[in-house]
Amino acid sequence: MIDLYKNLLRSAVFNVDPETAHHLALKALSTGLLPSCAARNDPRLSLRLFDLDFPNPLGIAAGFDKNAEVVDPLFAQGFGFVEVGTVTPLAQPGNPKPRLFRLPADNAVINRFGFNNEGHAAMRARLLKRRSAGVLAVNVGANKDAADRTADYVAGIRAFADLASMFTVNISSPNTPGLRDLQARSALSDLVEKCLAARDEAADSNGRKVPVFVKIAPDLDEAAFADIVEVLGGSAVDGVIVSNTTITRDGLHDTAKAKEAGGLSGRPLFERSTIMLARMHLALGPDKPLIGVGGVDSGETAFAKIAAGASLVQLYTALVYEGLGLVGRILDHLTKECDRRGLASINDAVGIDAKAWAAKDA
């Protein structure tokens, strides 16, 4: 079967400014120009975490649909869950353009958006109109000029507690000055405590508390990694997302674009983020599910994330190079892995290679 995107459309898309191309993709999804993906209904790919039922473990990461414009169309593409945001209390324009750069020689992207979004009120209005019943993650952040950034995260929890299936507390974007300081032990402990308190206060009439994940950077030194493990491991945080983009530029072929400031995502992030994922899985144990992000661009890399310790997997940058047909190809590969390995559930593969991945950091 001809891959329409890779064989016919990608060259045209790459002739357009990257941020403009992104907006065109959102428009194509919102207007129904892109066909829905045929459902992959292999029950072995389904899993239950907390009180949430995922038809498959593959989700789209935050950043693609910052303002919750195309939630229903994304579910129609076959994703097992959709993450929107990062959303901040007040609308903000983000950093000056240009701020998004393709690195085709590396199958990578550098962005320095800076939490550009339309704010809580605009996202709530859209989410109130959604029709699909899939698992929705809301990624909350802080305004760049907020006097109290922790208060902004708490406001996000309160604003979407009745609409979100789960939350992501994003403290690891490199594009908001000082944001990654929230990963330090004392700041993280305070942030987690206040976010969880807000989550608990917002429990619905049935007592449901929305699961909260914390998204971390891949660029942690040993002390920072130990601090995060201690704080998150000793807290009621439900899970961890590993990882956000990286500020490193190791081994890139496109040396000119590599000089651009911002977070690097895509294929070069795969090994670094997967090692971090495996280490976090071994450190926290099986009671705190992990979401693996970074360099997922094939069925093989998606399965590798699961084998390294991820219960769920997300992608974004790979869509720039592979198109939305990648979703079906990944799900088909995961089914074949279940066949090949005799797995009753893809969940049985979580962490089977964690020690081997963690050893690569030695």
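These notes cover the structure that comes with them.

Rules behind the numbers
Residues numbered from 1 in each chain as written. Predicted model: local features only at pLDDT ≥ 70, side-chain atom pairs only at ≥ 80, totals over all residues. Heavy atoms only, no water. Pairing = 2+ DSSP bridges. Helix = DSSP H or I, 4+ residues; strand = E, 2+ residues; numbered from the N terminus. Axes fitted to C-alpha atoms, helices over the stretch in contact; angles between N-to-C directions. Parallel < 35°, antiparallel > 145°, perpendicular 65-115°, else oblique. Left-handed = near helix turned anticlockwise from the far one by under 90°. Contact = heavy atoms within 4.5 Å. Nonpolar A, V, L, I, M, F, W, Y, C, P; charged D, E, K, R; others polar. Buried < 20%, exposed > 50% of the residue type's maximum accessible area, 1.4 Å probe, protein only. Salt bridge = Lys/Arg side-chain N within 4 Å of Asp/Glu carboxyl O. Polar contact = N/O pair within 3.5 Å; in protein donor to acceptor, adjacent residues only side chain to side chain. Phe/Tyr/Trp six-rings, centres within 6.5 Å; stacked < 30°, edge-to-face > 60°. Expected span 1.5 Å × (residues − 1).

### Notes on the sheet that holds strand β6 (residues 108–111)
Then step 1. Spatially, β5-β6-β11 is the arrangement adopted by the three strands of the open sheet, whose pairing is antiparallel. Looking along the sheet, the strands with just one partner apiece sit at the ends: β5 (100–103) and β11 (263–266). On average, adjacent strands in this sheet sit at an angle of 20 degrees to one another, irrespective of strand direction.
Then step 2. Across four bridges, the pairing between β5 and β6 is antiparallel. Counted as the bridge partner of Leu100 is Asn111 from β6.

### Here's the deal with the packing of helix α4 (residues 119–127) against helix α5 (residues 149–160)
Then step 1. Relative orientation of the contacting elements α4 and α5 amounts to 20 degrees, with a least axis distance of 11 Å. In terms of their interaxial angle, α4 and α5 are classed as roughly parallel. In this structure, α4 crosses over α5, and the sense of that crossing is right-handed. In contact with His120, Met123, Arg124 and Leu127 of α4, α5 contributes Asp152, Ala155, Gly156, Ala159 and Phe160.
Then step 2. Here the residues of the contact of α4 with α5 sort into five nonpolar, two polar and two charged.

### Brief notes about the pairing of strand β13 (residues 312–315)
Then step 1. Neither face of β13 is left uncovered, since the one carrying Leu312 and Gln314 and the one carrying Val313 and Leu315 both have all their residues buried.
Then step 2. For strand β3 (residues 58–60) and β13, the ladder comprises three bridges, and the chain directions are parallel. Bridged to Ile60 within β13 is Leu315.
Then step 3. As judged from the three bridges shared by strand β12 (residues 290–293) and β13, these two strands associate in the parallel manner. Bridge pairing in β13 places Ile291 opposite Leu312.

### Notes on the pattern of salt bridges
Then step 1. Enumeration over the complete set of coordinates arrives at 25 salt bridges.
Then step 2. The shortest N-O distance in the salt bridge between Glu19 and Arg99 comes to 2.9 Å. Of the two residues, Glu19 sits in helix α2 (residues 18–30) while Arg99 sits in the loop between β4 (81–87) and β5, which places them 80 residues apart along the sequence.
Then step 3. Here Glu19 falls in the buried class, since its relative accessible area comes to 5%.
Then step 4. One salt bridge in this structure joins Asp361 and Arg279, with 3.2 Å as the shortest N-O distance. Highlighted residues: Asp361 in the segment after α12 (354–359) and Arg279 in helix α8 (residues 270–284), separated in sequence by 82 residues.
Then step 5. Residue Asp361 is classed as partly exposed on the basis of its relative accessible area, which comes to 37%.
Then step 6. Via salt bridges that share partners, Arg180, Asp219, Asp250 and Arg272 belong to a single interconnected network.

### Brief notes about the side chain of Ser273
Then step 1. Summarising the element assignment, Ser273 is placed in helix α8.
Then step 2. The exposure class assigned to Ser273 is buried, which follows from its relative accessible area of 0%.
Then step 3. Polar side-chain contacts of Ser273 include one of 3.3 Å to the backbone oxygen of Gly294.
Then step 4. The contact partners of Ser273, leaving out residues within four places of it in the chain, are Val242, Ser243, Val293, Gly294 and Lys305.

### A few points about the packing of aromatic side chains
For any pair of aromatic rings, the description consists of the separation of the ring centres together with the inter-plane angle of the planes.
Then step 1. Following the criterion strictly, the structure yields five aromatic pairs and no others.
Then step 2. Ring centres of Phe14 and Tyr321 lie 5.6 Å apart, and the angle between their planes is 80 degrees; this geometry places the pair in the edge-to-face category. Of this pair, Phe14 sits in the loop between α1 (4–13) and α2 while Tyr321 sits in helix α10 (residues 318–322); the two residues are 307 residues apart in sequence, bridging distant segments of the chain.
Then step 3. The class for Phe14 is partly exposed, based on a relative accessible area of 22%.
Then step 4. Ring centres 5.5 Å apart and planes at 90 degrees place the aromatic pair Phe54 and Phe81 in the edge-to-face group. Note that Phe54 is positioned in strand β2 (residues 52–54) and Phe81 in strand β4, a separation of 27 residues in sequence.

### Side note on α8
Then step 1. For α8, built from 15 residues, the straight-helix expectation of 21 Å at 1.5 Å per residue is met to within 8% by its first-to-last C-alpha distance of 21 Å.
Then step 2. Among the 15 residues of α8, 11 are classified as buried, and the element is accordingly described as predominantly covered.
Then step 3. The complete set of buried residues in α8 reads Phe270, Ser273, Thr274, Ile275, Met276, Leu277, Ala278, Arg279, Met280, His281 and Leu284.
Then step 4. Downstream of α8 by one or two residues, Gly285 has phi in the positive range, about 80 degrees.

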